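Read off the chains here:
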Amino acid sequence: MTAIHVLNGPNLNLLGKREPAIYGSASLDDIRDLLQARCAARGVTLVFRQSNHEGDLVSWIQEAGQAKAPVILNAGALTHTSIALYDAIKGSEASVIEVHLSNVHARESFRHHSYISPAARGVIAGFGPTSYLLALDAIFEKL
Ligand code: CA2
């Protein structure tokens, strides 16, 4: 395995600063540090990125697909809107685990549909930062 790519979408840079009742108190840097420690213990390189721009995420998914690197993707609200991300995953044959901090199915109905899920290898939602750790365990064990 060359590296594991963890890609984060719009507004996730605000984690830990706003809406702690929904998203918890951990910042995105805290989540990166948790994952970095696990990856270092396994001798695996972690690529951890966040962007508020859809095109960045498209390019990063293509990059991971070309490198045959597994992806953990929290696309934020783009989950519910982006055919471009669906096409990027399908087109690049990236192996993607979709993650969410919150249980999107227990929230507003517009969060119940995901354009990512049909292209994803699996989906983990509702466990806060542990959603990312569970995805990492799945990669270590299954891929
Ligand atoms: O639960 C998740 O991880 C989400 O992907 C988070 C997205 C939301 O649109 C999805 O439906 C579910 C929102 C990310 C924005 O995070 C914020 C954090 C703090 C303050 C405001 C937004």
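Residues numbered from 1 in each chain as written. Predicted model: local features only at pLDDT ≥ 70, side-chain atom pairs only at ≥ 80, totals over all residues. Heavy atoms only, no water.

Draft legend 1. Region of interest: the overall build of the chain. A tally of helices and strands in the chain yields five helices and five strands. For the chain, the sequential pattern of α-helices and β-strands runs β-α-α-β-α-β-α-β-β-α. Overall, the chain is about 35 × 30 × 25 Å in size when its C-alpha atoms are taken along their principal axes. A buried classification covers 44% of the 143 residues belonging to the chain. (Helix = DSSP H or I, 4+ residues; strand = E, 2+ residues; numbered from the N terminus. Buried < 20%, exposed > 50% of the residue type's maximum accessible area, 1.4 Å probe, protein only.)

Draft legend 2. Region of the structure containing the site of the ligand. Taken together, 17 residues sit near the ligand, with N74, H80, L101, S102 and R111 positioned nearest. In the model, an oxygen atom of the ligand is placed 2.9 Å from a nitrogen or oxygen of the H100 side chain. In the complex, the protein chains occlude 94% of the 500 Å² of accessible area that the ligand would expose alone. Of the residues assigned to the shell around the ligand, the class counts are eight nonpolar, six polar and three charged. (Near = heavy atom within 4 Å. Polar contact = N/O pair within 3.5 Å; in protein donor to acceptor, adjacent residues only side chain to side chain. Areas by Shrake-Rupley, 256 points an atom, 1.4 Å probe, with all protein chains shown as cover. Nonpolar A, V, L, I, M, F, W, Y, C, P; charged D, E, K, R; others polar.)

Draft legend 3. Inspection of helix α4 (residues 83-92) at higher detail. Those residues of α4 that fall on the buried side of the exposure criterion are L85, A88, I89 and S92. Buried positions in α4, seen along its axis, are confined to an arc of 95° and lie on one side of it. Considering only its buried residues, α4 is in contact with α3 (54-66), β3 (71-74) and β4 (96-100). A side-chain oxygen of the first residue of α4 lies 3.4 Å from the backbone nitrogen of A84; this N-cap is S82. Downstream of α4 by one or two residues, E93 has phi in the positive range, about 55°. (Arc of directions from axis to C-beta. Contact = heavy atoms within 4.5 Å.)

Draft legend 4. Main features of the environment of I72. Locating I72 in the fold gives a position in strand β3. For I72, a relative accessible area of 0% translates into the label buried.

Draft legend 5. Representation of the packing of helix α2 (residues 28-42) against helix α5 (residues 130-142). Taken N-terminus to C-terminus, the directions of α2 and α5 make an angle of 20°; their axes are 10 Å apart at the nearest point. In terms of orientation, α2 lies roughly parallel with respect to α5. For the pair α2 and α5, the crossing hand works out as right-handed. Residues L28, I31, L34, L35, R38, C39 and R42 of α2 pack against Y132, L133, L136, D137 and F140 of α5. In terms of residue class, the contact of α2 with α5 is built from nine nonpolar, no polar and three charged. (Axes fitted to C-alpha atoms, helices over the stretch in contact; angles between N-to-C directions. Parallel < 35°, antiparallel > 145°, perpendicular 65-115°, else oblique. Left-handed = near helix turned anticlockwise from the far one by under 90°.)

Draft legend 6. View of the nonpolar core. Membership of the largest hydrophobic core comes to 22 residues, with the highest contact counts inside it found for I4, V6, I31, L35, I72 and Y132. Looking at this core, the elements that each hand over two or more residues are β1 (3-8), α2, β2 (45-50), β4 and α5. The element contributing the most residues to this core is α5, with six residues. Residues in contact with V6, not counting those within four places in the same chain, are L35, L46, V47, F48, R49, I72 and Y132. Counting residues in hydrophobic clusters, the runner-up holds 19 residues, among them L57, W60, A69 and A88. (Core = buried A, V, L, I, M, F, W, Y, C linked by side-chain atoms within 4.5 Å.)

Draft legend 7. Quick look at α2. The terminal C-alpha atoms of α2, which comprises 15 residues, lie 21 Å apart, in line with the 21 Å expected from a rise of 1.5 Å per residue. Three or more residues of α2 are buried, namely L28, I31, L35 and C39. Buried residues along α2 cover an arc of 65° about the axis, so they all sit on one side. Seen from the buried face of α2, the exposed residues on the opposite side, beyond 90 degrees, are A40 and A41. After α2 finishes, the residue G43 shows a positive phi value of roughly 70°. (Expected span 1.5 Å × (residues − 1).)

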